[in-house]
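Each chain, letter by letter, is given below.
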Amino acid sequence: MRIHAEVNGEAREFETKGSESLLFVLADQLGLPGAKGACEQGECGSCSVMLDGRLVCSCLVMAVDVDGSEIVTVEGLGRSGLHPVQKALVDSGAVQCGFCTPGFVVAAAALLDENPVPSSDEIREALSGNICRCTGYGAILRGLDSLAGNR
Amino acid sequence: MTARTGARIKGGVGESTYRSDGIPKVDGTFIYSSDMYMDRMLWGATLRSPHPRARITKLDIGPALAMTGVHAVLTDDDVPGRKTYGLEHPDQPVLGSESVEYWGQPIAVVAADDPEIARRAVDAIDVEYEVLTPLTDPIEAERLDSVFKRQRCRRGAEKRRGMVAVEGYYEVGMQDQAPLGPESGLAVPDGGGGVDLHIATQWTHIDHEQIVACLGLADDQVRIHHSGVGGAFGAREDVSLQIHLCLLALHTGRPVKMVYSRSESFVGHVHRHPALLWYRHEADADGVLRRVEARIVLDGGAFHSTSSSVLSNAVYHAAGPYRCDSVSVEGVAVKTNNPPCGAMRGFGAVQSCFGYEAQMDKLADAIGMDRIEFRIRNALQRGDPLATTGQVIETSMPAVELLERVRGMPLPEEGASEDPRLLPGGTGLTTPGASVRRGVGYALGLKNLCFSEGFDDYSEARVCITPFGVEVHTAAVEVGQGLGMILTQIARTVLGIEDVVVYYDDTSKIGSAGGTSASRQTQMTGGAVLEAAKMAREIALTRGNGDELDDAGVWRGGELVTPMSELVGGKPIEYHIRFHHPPTEQPDENGQGNLHVDFAVAVHRAVVDVDQELGLFRVVQIDTVQDVGFMINPRSVVGQIEGGVMQGVGLATLEEIVIEKGVIKNPTFTDYLLPTFLDAPRIEVQVVEERGAFGPFGAKGVGEPPTVSSTAAVVAAIRDATGLELNRTPVRPEHVALAPVQAGRHP
Amino acid sequence: MEVIRPADIQEAAAALAENPGAVPLAGGTDLMVEVNFGHIRPSAVITLRRVEEIQELSRRRIGAGVTFRDLETGDHRALAQLARTIGSPQIRAAGTIGGNIGTASPAGDSLPFLAGLDARIELRSAARGARLVPWDEFFIGVKQTSKRPDELITAVLLPEDLPDRQEFAKIGQRSAMVISIVAACVFRWRGGRTRVALGSVGPTPIRCRRAEDMISNERNPGESALDEFARIVSEEVRPITDHRGTEDYRRHSSGVLARRLLERCLAS
């Protein structure tokens, strides 16, 4: 089935075969491997994207359901230089293996859009759907705290 | 010869430089093994046993082969070389044929046009089983002599007795490494009968060795390229889909990609060994440890993997970093029909630490001594023999300083917060502040660094000075820990040249760097790069006739005498080295000898808030001091420590593969619970920099020690808050709420 | 796979009648797990994400397509509390209350709320129009409901007489993004009427009617009445042991949780 959607500000179209996820289509058809698959069930947040302005797990979005939608992936956030979240995470050493990082970037950017000055606890709760196995979250929090102006 | 020090060059050792893969990892362009695509690429999938033990009575691939879009269905018959593989003992079938010995064991592999067709083809394979009763009880396995290895350490007088004795039995659940990047790879046939494999692994050369044996190919026909690795923690030491991918690519003549699902990943790699431990500790009334006895049973599961080495490590670390002249430890790794176990961060030392640190608390309490004071009284120091193996410690061993430092770190305030994010139960709103009791627990852990027991541990590296800068070549695997950055910093500091790029060569271009495991790469590949860079510098100074080197070229007496273009314009300077660490020995029949090349210690203090009525807890803070030798990259050291601590907290509070009659009941991230951001304690990190024995600039490996004792510290804190014995980890809500009902068995 | 994109609920119901095997797709957070695991291979889907009638949210009517993210900031305190615990922010942004009801998992977080308030589920079919089913006739077993194959879930209706106090809590092994081991809702009206409902302690949500009767007669329950209340709740639940928790623990913590929630109702 032919699907039309606006992806990272550009009109894109792609072909679906069946009930595959948006996550699969992003990498397989649209050349956007930034969103990462790690659990296939919305329990890790690595595949986070914005769908019509909402933060979702792209593994749980059936690709046929995005016809006419707006999608922003991690690749769409830093198109004019690094997004502040991306820069903050590099600076704080929040990147180790990096597999969870694109999901954290999208989720943190979504949080800061809604609430530019979240407290540390608000950051922790808003990102509680994104699992990181390498860092213990410390460096991620330091990076985002610095953006939010937290001590 | 004097190497330049970090202060003299930007981005040298001692500085928190930035990693070169940082930006591609935040902007989504970094390519992991699961991101690779090629024209005409096929997708692989695996048929796995639904039974932990069975005879295969029928295996008909016909229906799958007949499907449109299916290009190959391969079984044991299609394995041209050795039919089995294994890291230390090749006992695991590439594909199970006559029988299967664990739930999820691969039986056949498929290549098809897309992943969905591949999956359907797997379902279409006609296979019938005669189901057999699995052996799943490790004690029963030992009784039946279903054993991979027995290991003992005996030292000193057997009858040595202290005035005070404590005994206990302990149990550690099966933890999963759960790297976020699933097993994945792409195999590409080279058109001449060989194959290139792009894979997320921890050691390309050991994969290569096993792959060529099973494919029946010559060494130079297979090249292993390490691609982006989404975490490892031991999960990628063993072969998973490597051989399957190569078989499918060679059979179809097309590139084949395979990516495990999370559920497959849970059966696709080995896990941390579950352990049953019994301990008896004796001390004098004045607090001197007199005797340690232990029995350790590790369940190795269905195939050998690294069970022998993990067992040895558990036994050698069984007394921890404490002096004791009379020790008897008996260990056994058994073979069952449970999922195979092998390497995970901490490698046997985690299991022992959970036992000996609980014992040290008990013994201190029995003597009536402060728990930290008791540890300080007995802490191992440089020049002491290790209690188990008798090896005299010649590396830095600042255990006493660690204990004194952690004791002095400020404790967090007792909060009266009603914010659920700061309470046990979190956003579930289970727990009012008034229901919370705080506990504090300590644990000190020991970990060997690098490969031990006489293993020929080496790493190759090549350093080239070219007109375009310095190239560092290695086959070492960057799994995310920041190795590339460390090697860059070392090369910069030695050469005085800022422009350094690390090339991760495939197996055909350079020799082995050893595994990214055992906390060894900073010391081993870092050591190789240090030595190669020193030699390259010597060559440059000789060739350029000077006494200093930097980006501009060779200097003499403060004047540039040979510009870089002239120095290496005609011919680059190149130095290749195979770096060995000082030799170690194999143990004698009593487990004695100089078995290890280096050690590190770490201490953890856990502060935990407990809602005892509901059995819920929140780890508030972990304070840690670690023996790191020297910090080549301080930010990266802190990152390793925080991440390692978190995995230990996970084992204390959440993480366990639940197995029932050989079947994993929770092979998903819905039910294998990893700590979330809201479960993460605040972690305060301090380090002791007392230079180690042989690492570059005195650096020690830092990856594993944070995981060794953090689990024990958290459980000690829960005991402190509740007064319960809690001899099993992870601690589950029912263990706390329904006490005195206790889990655990005497091994 | 066929994709049907109805413009309104009428069209959706008609499409379902014509395609008996079609699967309704709203947030996708339950369905796609099954699809990704290969458990379901739908031949047709009916997309509901943009059907407006089911997005309606008022005090007594909650459209099936309302997401938990929207309920997190809604009027009903316990519903907002439970919404906050469902999956992750990503799941809540997509997952709908209709989906939670339709899946009918014993651990469905919204189910104790519906049970405690005697909510009714609105179902619609092309052939028979709308019908209202009381919660206890709707949830009939583990992941089983009385919804007929040609029916869509369109809304949840709450009664006129809403409680003065309502509180929710959920026990999971970690602090966020977790399936409940026990979930509970307690509602209390001025005058003492109390309703108690729990999830994950039986095949369907459990109402503790003996405990309700006992405590409803206590205007200002003291320690012994609260203890008795907890004890009866623990008796009335019907938990099992699984890899998330033991029967004993669930029984024990059901009582503790219900008591704590009642105390919250009495204090607030």
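Residues numbered from 1 in each chain as written. Chains lettered and ligands numbered in written order. Predicted model: local features only at pLDDT ≥ 70, side-chain atom pairs only at ≥ 80, totals over all residues. Heavy atoms only, no water.

Concerning the overall build of chain A
Consideration 1: A count of helical and extended segments in chain A gives 6 helices and 5 strands.
Consideration 2: Of the regular secondary structure in chain A, the N- to C-terminal order runs β-β-α-β-β-β-α-α-α-α-α.
Consideration 3: The C-alpha radius of gyration of chain A comes to 15 Å, within 12% of the 15 Å expected for a compact globule of 151 residues.
Consideration 4: Here the C-alpha coordinates of chain A stretch approximately 50 × 30 × 20 Å along the principal axes. (Helix = DSSP H or I, 4+ residues; strand = E, 2+ residues; numbered from the N terminus. Rg over C-alpha atoms; globule rule 2.2 N^0.38 Å.)

Focus on the interface of chain C and chain A
Consideration 1: Each partner contributes residues to the interface: chain C has 32 residues there, and chain A has 37 residues.
Consideration 2: In this assembly, chain C packs against chain A so that about 2600 Å² is buried in total across both faces, 52% of it on carbon and sulfur atoms.
Consideration 3: Broken down residue by residue, the surface that chain C buries against chain A is led by R49, Q90 and M177 of chain C, which jointly contribute 23%.
Consideration 4: Scanning the region where chain C abuts chain A turns up 7 salt bridges.
Consideration 5: Residues D52 of chain A and R50 of chain C are paired through a salt bridge, measuring 3.6 Å at the closest nitrogen-oxygen approach.
Consideration 6: Where chain C packs against chain A, one counts 16 residue pairs in polar contact (both at pLDDT 80 or more).
Consideration 7: At the level of secondary structure, the elements contributing two or more residues to the side of chain C that touches chain A comprise helix 2 (31–36), strand 3 (44–47), helix 3 (68–71) and helix 5 (89–94) of chain C. (Contact = heavy atoms within 4.5 Å. Buried area = accessible area lost by both parts, 1.4 Å probe. Salt bridge = Lys/Arg side-chain N within 4 Å of Asp/Glu carboxyl O. Polar contact = N/O pair within 3.5 Å; in protein donor to acceptor, adjacent residues only side chain to side chain.)

Examining the domain arrangement of chain B
Residues and elements named next belong to chain B.
Consideration 1: Domain annotation for chain B reports domain 1 (6–28 + 458–580), domain 2 (33–133 + 182–229 + 236–268) and domain 3 (271–451 + 588–737).
Consideration 2: Domain 1 and domain 2 are separated by 37 Å when their C-alpha centres are compared.
Consideration 3: Counting residues at the interface gives 17 residues for domain 1, matched by 13 residues for domain 2.
Consideration 4: Roughly 1200 Å² of surface becomes buried between domain 1 and domain 2 when both sides are summed, with 57% attributable to carbon and sulfur atoms.
Consideration 5: When the area that domain 1 buries against domain 2 is broken down by residue, the three leading residues are V477, D506 and T507, summing to 41%.
Consideration 6: Scanning the region where domain 1 abuts domain 2 turns up 0 salt bridges. (Domains from an automatic or database assignment.)

Section: the sheet that holds strand 5 (residues 120–125) of chain C
Residues and elements named next belong to chain C.
Consideration 1: Pairing is antiparallel across the open sheet formed by 4 strands, whose spatial order is 4-9-5-6. Only two strands of the sheet have a single neighbouring strand rather than two, namely strand 4 (61–63) and strand 6 (129–134). The sheet shows a mean angle of 30 degrees between the axes of neighbouring strands, direction not considered.
Consideration 2: Note: strand 5 against strand 6, 6 bridges, orientation antiparallel. Bridge assignment links I121 to a residue of strand 6, and that residue is V133.
Consideration 3: Against the sheet, helix 1 (residues 9–18) contacts strand 5 and strand 9 (152–157), and its axis sits at roughly 135 degrees relative to strand 9. (Pairing = 2+ DSSP bridges. Axes fitted to C-alpha atoms, helices over the stretch in contact; angles between N-to-C directions.)

Considering the environment of P412 of chain B
All names here are of chain B.
Consideration 1: With respect to the helices, strands and loops of the structure, P412 is situated in the loop between helix 11 (399–408) and strand 20 (437–449).
Consideration 2: Of the residues examined, P412 reaches a relative accessible area of 19% and is grouped as buried.
Consideration 3: Counting along the chain gives 210 residues from P412 to I622, while the straight-line C-alpha distance between them is 9.8 Å.
Consideration 4: Apart from the residues within four sequence positions on either side, P412 is in contact with R438, V607, V620 and Q621. (Buried < 20%, exposed > 50% of the residue type's maximum accessible area, 1.4 Å probe, protein only.)

What about the packing of aromatic side chains?
Consideration 1: One pass over the full model with this rule turns up 18 aromatic pairs over all chains.
Consideration 2: Centroid distance W203 of chain B to F451 of chain B: 5.7 Å. Interplanar angle 20 degrees. Geometry classified as stacked. Residue W203 of chain B is found in the loop between strand 12 (195–199) and helix 5 (204–215), and its partner F451 of chain B is found in the loop between strand 20 and strand 21 (458–466); the two are separated by 248 residues along the sequence.
Consideration 3: Judged by its relative accessible area of 16%, F451 of chain B is buried.
Consideration 4: Ring-pair connections join several aromatic residues into one group, and the members of that group are F24 of chain A together with Y37 and W43 of chain B.
Consideration 5: When the ring centre of Y260 of chain B is taken as reference, the NZ or CZ atom of R48 of chain B above it lies at 4.8 Å. (Phe/Tyr/Trp six-rings, centres within 6.5 Å; stacked < 30°, edge-to-face > 60°. Lys NZ or Arg CZ within 6 Å of the ring centre and 35° of its normal.)

Topic: the sheet that holds strand 20 of chain B
Residues and elements named next belong to chain B.
Consideration 1: Ordered in space as 20-28-29-32, the 4 strands form an open sheet in which the pairing is mixed. The sheet is open, and its two borders are formed by strand 20 and strand 32 (682–688), each paired with just one other strand. Looking at each pair of strands side by side, their axes are set apart by 20 degrees on average, direction ignored.
Consideration 2: With 10 bridges joining them, strand 28 (residues 598–611) and strand 29 (residues 616–627) adopt antiparallel strand pairing. Bridged to V610 within strand 29 is F617.
Consideration 3: Together, strand 20, strand 28 and strand 29 form the strand contacts of helix 16 (residues 705–722), whose direction differs from that of strand 20 by roughly 155 degrees.

A word on helix 10 (residues 371–378) of chain B
Residues and elements named next belong to chain B.
Consideration 1: Taken together, the buried positions of helix 10 are I372, F374, R375, I376 and N378.
Consideration 2: Residues of helix 10 that are buried in the fold lie against strand 16 (275–283), strand 17 (289–299), helix 9 (349–367), helix 11 and strand 20.
Consideration 3: Capping the start of helix 10 is the job of one residue whose side-chain oxygen sits 3.0 Å from the backbone nitrogen of I372: D370.

Brief notes about the nonpolar core
Consideration 1: Judged by nonpolar contacts, the single largest core of 94 residues is most densely connected at V608, V714 and I718 of chain B.
Consideration 2: With 10 residues, helix 9 of chain B is the single largest residue contributor to this core.
Consideration 3: Apart from the residues within four sequence positions on either side, V608 of chain B is in contact with R437, R438, G439, F617, R618, V619, V620, V714, A717 and I718 of chain B.
Consideration 4: Membership of the second largest hydrophobic core comes to 70 residues, among which are V7 of chain A together with V3, A64 and A115 of chain C. (Core = buried A, V, L, I, M, F, W, Y, C linked by side-chain atoms within 4.5 Å.)

A closer look at unusual backbone geometry
Consideration 1: A cis amide bond links T729 of chain B with the next residue in sequence, P730 of chain B, at an omega value of 0 degrees.
Consideration 2: Looking at the secondary structure, you find P730 of chain B in the loop between strand 33 (728–729) and helix 17 (733–737).
Consideration 3: Phi at D52 of chain A is positive, roughly 50 degrees, even though this residue is not glycine.
Consideration 4: Structurally, D52 of chain A is set in the loop between strand 3 (48–51) and strand 4 (54–57).
Consideration 5: A positive phi angle is found at A178 of chain B, which is not glycine, with a value near 45 degrees.
Consideration 6: With respect to the helices and strands, the residue A178 of chain B is situated in the loop between strand 10 (164–172) and strand 11 (184–189).
Consideration 7: A relative accessible area of 0% means that A178 of chain B is categorised as buried.

Points about the pattern of salt bridges
Consideration 1: Taken as a whole and assessed by the stated rule, the structure comprises 92 salt bridges over all chains.
Consideration 2: Among the ionic pairs, R49 of chain C bridges to D52 of chain A, the shortest N-O distance being 3.1 Å. Pair noted here: R49 of chain C is in the loop between strand 3 and strand 4 and D52 of chain A is in the loop between strand 3 and strand 4, and the two residues belong to different chains.
Consideration 3: Judged by its relative accessible area of 26%, R49 of chain C is partly exposed.
Consideration 4: Put simply, R161, E167, R280, E282, R291 and E293 of chain B are held in one network by salt bridges that share partners.

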